[in-house]
Amino acid sequence: MPILETTRAAALFVAAVAAAAGLVGSAGCSLVIESQDRQCESDADCSGFTDATCDIAGGVCVPRASTSSVVAASSGTDAGTGGSTATGTGTGGEDCVGPDGCFSCEPSAQAELLNACTDSACIPYDNGQLEGLLLEDGSVPPVP
Amino acid sequence: MSRSRRASPWLLTAALGPAAWAVIACAAPRLASADPCDMETGEVLYIAGPDSMINVLRGIAAELWNEDTKVFYRGYPSCLGTLNIVNNAPTTPDPAEIGTPEAHLVSFWPGDPDAEMQCDLPFDAEDEAEPEILADIVLSDVFPTTCASFPNGLGSVQDFQGPALGFGFIVHPDSSAQSISAEAAYLTYGFGAESNVVSPWTDPTTILHRDPNSGTENIFAKTLGLDVTKWAGTSLNSTSVLLGQVADATGVDVDTTIGGANVSILDKLRDELRLLAYQHYDQTCGYFPDSTLTSFDKRNLRDGHYPIWGVVHILTRVDDGGLPVKDGANRFINLVLGTDEIAGLDPIALEAQSGIIPQCAMNVLRDEDGGPLASTQPLRPCGCYFESLVGDTDCDSCTSSTECPDERPNCSFGFCEF
């Protein structure tokens, strides 16, 4: 079993962010990263998300109350829907995707902290093996 | 097939700690209660709670004895203690111990942290179930809001946050599993392999966990977002039994067995058990609490890569100014938090040796169990010093900040910190 350094392939991070975007969108969470360069040009483009506004400089939807490009996750009591996702831009709109996909700016919110660049060892768990066990949006189902 | 097994003595020692063995050794042959505690001489500080920071507690207790403050400590459940102190209610004996010599037994350390002694708290001899005295300090491994909603807050009780402690999923060292995601853990423990089966944890009898009253289980539950009352698999009321069942797994059970426990216990059992790397919701890789599987630096827990952790809460009654009402409580808390110092007493070292993390070494915080992480910068950071105590540190040593580079300008605890 390979033990990977966090300086890993960017594809993994992008894929995870994309997957997380699905979760976040369905949960009304606060930040969604999409594959195109800019997610929004105006607030209207963020109407699909709860109480979101467009950070025009960064081109991403952010929570209306926040001036940062990310926000803290919701409580973990909402399984599988808590947690924002790391953003590809920092507060100043700078590129925060490290060469290996980690979050390369100064982390402050949960998703940034979880995915911040580090030289610690890590071992990925492939949630693909849970296919069919999770809900369509990738979140966990309610327990009996 | 019965899977009940006796825990090995080494597991018991590691799980309960030497202090607990001292209690057992002293209590077992005793037919009558211990002598009554001396409640008249000096100041009495009665502390009740789990033993997560017992090494720190007894070190401070021994020092306070020399300041004429007697610390009496008894093991007590986190939430029961929290409810008692908020409601201004006395601690009550464990129902299982009523009528036994242990019912009112507390420990104290007269000047030596390795010399534990015991006495009986005051109680009504005519009624063994009579409540004991009010605790001056209650320790808890979980936030008060994990125990109850407390819609009106904690009243005059304040929660001082002590050292952080991690928790982790464990398997047999020969298990094929190396990591687990939040989603996989949720499915494994939420459905218990009765449905939504996650390989290799396919046997309900070897999906092991504690019970809803356990602080450990509550931390896991809050982190995963899995209702603590709905955990499936096999519930055990003893951590040492759980550890023994994982360590002693044989045959197919080597792969199917999984459990969870306090990292400070697991640090002592790395030859017998193996931690799984944990990948949280929205995280791209799984991490250990430490920077590697073999280190003890707790770096990932401290910097936000590893989210399964809580803190030891030190609850005490405070005045209008927010200061502990009892002088001894104020002194105890200040010593734990490093606000006060005593020559020869190093709480950071005691915590490092115990596998728990002083707040000054934490760069993340949260305000509820399993809640979102936020970055923080301690006023007097000790992360480098902490690392130096448990292994190596890359930080430069220093005697003053003038010796430190611009990128780490603050000399703190002998090292250049951010």
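Criteria and thresholds
- Residues numbered from 1 in each chain as written.
- Chains lettered and ligands numbered in written order.
- Predicted model: local features only at pLDDT ≥ 70, side-chain atom pairs only at ≥ 80, totals over all residues.
- Helix = DSSP H or I, 4+ residues; strand = E, 2+ residues; numbered from the N terminus.
- Rg over C-alpha atoms; globule rule 2.2 N^0.38 Å.
- Buried ≥ 20, exposed ≤ 12 C-beta atoms within 10 Å, placed from the backbone.
- Contact = placed C-beta atoms within 7 Å.
- Axes fitted to C-alpha atoms, helices over the stretch in contact; angles between N-to-C directions.
- Parallel < 35°, antiparallel > 145°, perpendicular 65-115°, else oblique.
- Left-handed = near helix turned anticlockwise from the far one by under 90°.
- Domains from an automatic or database assignment.
- Nonpolar A, V, L, I, M, F, W, Y, C, P; charged D, E, K, R; others polar.
- pLDDT = per-residue confidence, 0-100.
- Pairing = 2+ DSSP bridges.

Draft legend 1. Structural context of the overall build of chain B. Secondary structure assignment for chain B yields 13 helices and 17 strands. Taking 22 Å as the expected radius of gyration for a compact globule of 418 residues, we find that chain B reaches 22 Å, a close match to that expectation. With the principal axes as the frame, chain B shows a C-alpha extent of 65 × 60 × 40 Å. Across the 418 residues of chain B, 56% fall into the buried class. In chain B, the proportion of contacts linking residues at least 24 apart, taken out of those at least 6 apart, comes to 71%.

Draft legend 2. Up close: the overall build of chain A. Summing up its helical and strand segments, chain A has two helices and four strands in all. Listing the helices and strands of chain A from first to last along the sequence gives β-α-β-β-α-β. Across the 144 residues of chain A, 47% fall into the buried class. Long-range pairs, those at least 24 residues apart, make up 50% of the contacts in chain A with a sequence separation of at least 6.

Draft legend 3. Layout of helix H3 (residues 78-86) of chain B. All names here are of chain B. Most of H3 is tucked away: seven of the nine residues are buried. Taken residue by residue, H3 has Ser78, Cys79, Gly81, Thr82, Asn84, Ile85 and Val86 as its buried positions. On its buried side, H3 packs onto strand E1 (43-49), strand E5 (137-140), helix H4 (144-147), strand E6 (157-171), helix H6 (215-224) and strand E13 (309-317). Immediately downstream of H3, the backbone of Asn88 shows phi near 55°, a positive value.

Draft legend 4. View of unusual backbone geometry. Residue and element names in this part refer to chain B. Residue Pro200 is bonded to the preceding Ser199 through a cis peptide linkage, with omega at 5°. Position of Pro200 among the secondary structure elements: in the loop between helix H5 (182-191) and strand E8 (208-209). The backbone of Phe150 shows a phi angle near 45°, a positive value even though the residue is not glycine. Mapping Phe150 onto the fold places it in the loop between H4 and E6. Under the C-beta neighbour-count criterion, Phe150 is labelled partly exposed, with 15 such atoms within 10 Å. Positive phi is not limited to glycine here, since Phe413 has a value of about 55°. When you line up the elements, Phe413 lands in the loop between strand E16 (410-412) and strand E17 (415-417). The class of Phe413 is buried, set by 22 C-beta atoms lying within 10 Å.

Draft legend 5. Fine view of the packing of helix H12 (residues 347-354) of chain B against helix H13 (residues 383-390) of chain B. Residue and element names in this part refer to chain B. It is the contact of H12 with H13, at a shortest axis distance of 9 Å, that shows an interaxial angle of 50°. One finds that H12 runs oblique with respect to H13. The handedness of the crossing between H12 and H13 comes out as right-handed. Counting all contacts with H12, which are made through Ile348, Ala349 and Ala352, the residues of H13 involved are Tyr385, Phe386, Leu389 and Val390.

Draft legend 6. Representation of the domain arrangement of chain B in the model. Residues and elements named next belong to chain B. Domains assigned within chain B are domain 1 (16-162 + 310-353), domain 2 (165-309) and domain 3 (377-417). Of note, the centres of domain 2 and domain 3, computed from C-alpha atoms alone, are 33 Å apart. Counting residues at the interface gives four residues for domain 2 and four residues for domain 3. Grouping the constituent residues of the side of domain 2 that touches domain 3 by class yields one nonpolar, one polar and two charged.

Draft legend 7. Geometry of the packing of helix H2 (residues 54-65) of chain B against H12(B). Residues and elements named next belong to chain B. The contact between H2 and H12 brings their axes to 8 Å, and the two run at 150°. The angle between H2 and H12 places the two elements in the roughly antiparallel class. Considering how the two elements wind past one another, H2 and H12 form a crossing that is right-handed. Contacts between H2 and H12 involve Asn55, Val56 and Gly59 from the first element and Pro347, Leu350, Glu351, Gln353 and Ser354 from the second.

Draft legend 8. Molecular detail of the confidence of the model for chain A. Predicted confidence across chain A gives a mean pLDDT of 58, with 34% of residues reaching 70 or more. This stretch, residues 61-87 of chain A, has a pLDDT under 50; its non-local contacts, to residues over four places away or in other chains, come to 111 contacts.

Draft legend 9. The pairing of strand E2 (residues 69-75) of chain B, seen in detail. Residues and elements named next belong to chain B. Most of E2 sits out of view: seven of its seven residues are buried. Every second residue of E2 is oriented toward a common face, with Thr69, Val71, Tyr73 and Gly75 on one face and Lys70, Phe72 and Arg74 on the other, all of them buried. Sheet topology note: the E1/E2 ladder contains seven bridges and is parallel. Paired with Val44 across the strands is Lys70, a residue of E2.

Draft legend 10. The arrangement of the environment of Asp255(B) in detail. Residues and elements named next belong to chain B. Summarising the element assignment, Asp255 is placed in helix H8 (residues 253-256). On a C-alpha basis, the gap between Asp255 and Gly355 in space is 27 Å, while along the polypeptide they are 100 residues apart. In this structure, Asp255 is in contact with Ser175, Ser176 and Pro200, ignoring residues within four places of it in sequence.

Draft legend 11. Just helix H7 (residues 239-247) of chain B, in detail. Counted residue by residue, H7(B) has nine buried out of nine residues, so it is predominantly covered. Within the span of H7(B), buried status applies to Thr239(B), Ser240(B), Val241(B), Leu242(B), Leu243(B), Gly244(B), Gln245(B), Val246(B) and Ala247(B).

Draft legend 12. The environment of Arg380(B), seen in detail. All names here are of chain B. On the secondary structure map, Arg380 appears in the loop between strand E15 (374-375) and H13. It is 6.4 Å that separates the C-alpha atoms of Arg380 and Ser412, two residues lying 32 residues apart in sequence. Not counting residues within four places of it along the chain, the set of residues in contact with Arg380 comprises Cys360 and Ser412.

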